[in-house]
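An overview of the molecular structure
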Amino acid sequence: MLEERPLRLLALHGYRQSGRRFHQRTGALRKALRGRAELVAFDAPHLVPGGGEEDNGDGGDPPRGWWFSRPGAFEAREAAEEPAGLDEALRAVAEALAELGPFDGLLGFSQGAALAAMVCALRARGDPRFPVAFAVLVAGFVSRSPAHGHFYREPIALPTLHVVGEADAVIAAPLSLELARSFVEPVVVTHPGGHFVPVGAPQKKAYLDFLGRFRAGQGQAEPLGAGAV
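These notes cover the structure that comes with them.

Conventions and cut-offs
Numbering of residues starts from 1 in every chain and runs along the sequence as written. The predicted nature of this model means local features are confined to residues of pLDDT at least 70 and side-chain atom pairs, given and counted, to a pLDDT of 80 or more, with totals for whole chains, interfaces and linings taken over all residues. The side-chain figures draw on all heavy atoms in the structure; neither hydrogens nor water molecules are used. Strands are runs of DSSP state E lasting at least two residues, helices are runs of H or I lasting at least four, and both sets are numbered from the N terminus onward. Working rule for helices: expected span equals 1.5 Å times residues minus one. Exposed residues in this analysis have more than 50% of their type's maximum accessible area, buried residues have under 20%, and partly exposed residues fall in between, with area computed by a 1.4 Å probe over protein chains only. The contact criterion used throughout is that any non-hydrogen atoms of two residues lie within 4.5 Å. Under the pairing criterion, centres of Phe, Tyr and Trp rings, with the six-membered ring standing for Trp, must be within 6.5 Å; the plane angle then separates stacked pairs below 30 degrees from edge-to-face pairs above 60, leaving the rest tilted. DSSP bridges decide pairing: two strands pair if at least two such bridges lie between them. As a rule, the C-alpha atoms of each element are fitted with a line to give its axis, helices using only the stretch in contact, and angles between N-to-C directions run from 0 to 180 degrees. Should an angle fall under 35 degrees it is taken as roughly parallel, and over 145 as roughly antiparallel, whereas 65 to 115 is taken as roughly perpendicular and any remaining angle as oblique. Under the grouping applied here, Gly and all other residues not named as nonpolar or charged are polar, the nonpolar ones being Ala, Val, Leu, Ile, Met, Phe, Trp, Tyr, Cys and Pro and the charged ones Asp, Glu, Lys and Arg. Nonpolar cores are built from buried Ala, Val, Leu, Ile, Met, Phe, Trp, Tyr and Cys residues. Side-chain atoms within 4.5 Å join them into one set.

Spanning 15 residues, helix α3 (residues 86–100) covers 21 Å between terminal C-alpha atoms, matching the ideal 21 Å at 1.5 Å per step. All of the buried residues along α3 are Leu86, Ala89, Leu90, Ala92, Val93, Ala94, Ala96 and Leu97. Where the residues of α3 are buried, they touch β1 (7–12), β2 (37–42), β3 (46–47), β5 (105–109) and α4 (111–124).

This is the structure we're talking about:
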């Protein structure tokens, strides 16, 4: 019998980051998931004017974003009347899933988590461009743009794990909890820290328990056990 391959997750980085930076910053997570899941990060389609990262990281790759709430800039709490770039971001995710796959799920961080939630909504409606079975959303949020409201009009029926930083000063915990409420039976795990992907013992257990519900290539979850973490 062939050995089951690890799950493969397409990783969507945060605003003003890049695929390479996110790969570097998730080293501890990749180690924690070794043998169970692989993370594949790639670049958002839009270059962001200016330097730096949303989490005050160091230099390197040009900063990128998935969409803008106003020309050349993004603010998660802004109810943008004319957001720009989301169609290109969704197309980039679809192309990455097709060209770098197969993938079983998504890992999103910050703006990448918000985008992953939108992908989940489209997948739940049967969009064939996004063949994923689940998502892990770290420091996610609901887009405030009225143009994006259709993603949240009905509960999103795709399994998700939501990771919430109680001291997150970039995406405050209530914003991430609001996103979790947009899903059917979301699993939520908190951590006492800020704007990063945590890999403490409780979070590692939550990742492994959640991913343990899935089998590579099957696209199906095992029944949810005890509920939210």
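Next, the rest of the story.
This brings us to the packing of aromatic side chains. Across all of its chains, the model carries 10 aromatic pairs by this definition. Between Phe134 and Phe210, the aromatic rings sit 5.9 Å apart at their centres with planes inclined by 80 degrees, giving edge-to-face as the arrangement. Of the two residues, Phe134 sits in strand β6 (residues 134–138) while Phe210 sits in helix α6 (residues 201–211), which places them 76 residues apart along the sequence. Each of the two residues, Phe134 as well as Phe210, counts as buried.

Moving on, we get to the pairing of β6. On a regular strand, each side chain points to the face opposite its neighbour's, so the side chains alternate between the two faces of the sheet. The element β6 is largely enclosed, with a buried count of five among its five residues. Where burial is concerned, the two faces of β6 agree: the one with Phe134, Val136 and Val138 and the one with Ala135 and Leu137 are both buried. Two elements, β5 and β6, share five bridges in a ladder whose sense is parallel. Counterpart to Gly108 in the pairing with β6 is Leu137. Bridge count for β6 against strand β7 (residues 160–165) is four bridges, and the pairing is parallel. Within β7, the position partnered with Leu137 by the bridge is His162.

A separate point is the sheet that holds β2. Read from one edge of the open sheet, six strands run β2-β1-β5-β6-β7-β8, paired in parallel fashion. The two strands at the open ends of the sheet, each matched to only one other strand, are β2 and β8 (187–191). The average angle at which neighbouring strand axes cross in this sheet is 20 degrees, direction not considered. Here β1 pairs with β5 via four bridges, running parallel. Bridging from a neighbouring strand, Leu12 pairs with Gly108 of β5. Lying on the sheet, α4 is in contact with β1, β5, β6 and β7; it crosses β5 at an angle near 145 degrees.

Next up on the list: the side chain of Ser145. With respect to the helices, strands and loops of the structure, Ser145 is situated in the loop between β6 and β7. Exposure remark for Ser145: the relative accessible area of 3% places this residue in the buried category. When residues no more than four places from it in sequence are discounted, the contact partners of Ser145 are Glu78, Ala79, Ala80 and Pro83.

This next bit is on the packing of α3 against α4. Where α3 contacts α4, the two axes come as close as 11 Å, and the packing angle between them is 70 degrees. Taken together, the axes of α3 and α4 lie roughly perpendicular to each other. Only Leu115, Met118, Val119 and Leu122 of α4 make contact with α3, whose side of the interface consists of Leu86, Ala89, Leu90 and Val93. Classifying every residue of the contact of α3 with α4 by side-chain character gives eight nonpolar, no polar and no charged.

Turning to α4, a few remarks are in order. Residues spaced three or four apart along an α-helix point in a common direction, a consequence of the helix completing one turn every 3.6 residues. Its 14 residues place the ends of α4 20 Å apart at the C-alpha level, agreeing with the 20 Å of an ideal helix rising 1.5 Å per residue. For α4, the tally of buried residues reaches 12 of 14 residues, placing the bulk of the element in the interior. Inspection of α4 places Gln111, Gly112, Ala113, Ala114, Leu115, Ala116, Ala117, Met118, Val119, Cys120, Ala121 and Leu122 among the buried residues, and these make up the whole buried set. Gly126 lies just past α4 and shows a positive phi near 95 degrees.

Ranked by size, the top nonpolar core spans 72 residues in total, and within it Leu10, Trp66, Trp67, Val93, Leu107, Leu115 and Val136 carry the most contacts. With 10 residues, α4 is the single largest residue contributor to this core. Discounting residues that sit within four places of it in the chain, Val136 has contacts with Leu9, Leu106, Leu107, Gly108, Leu161, Val163, Tyr207 and Phe210.

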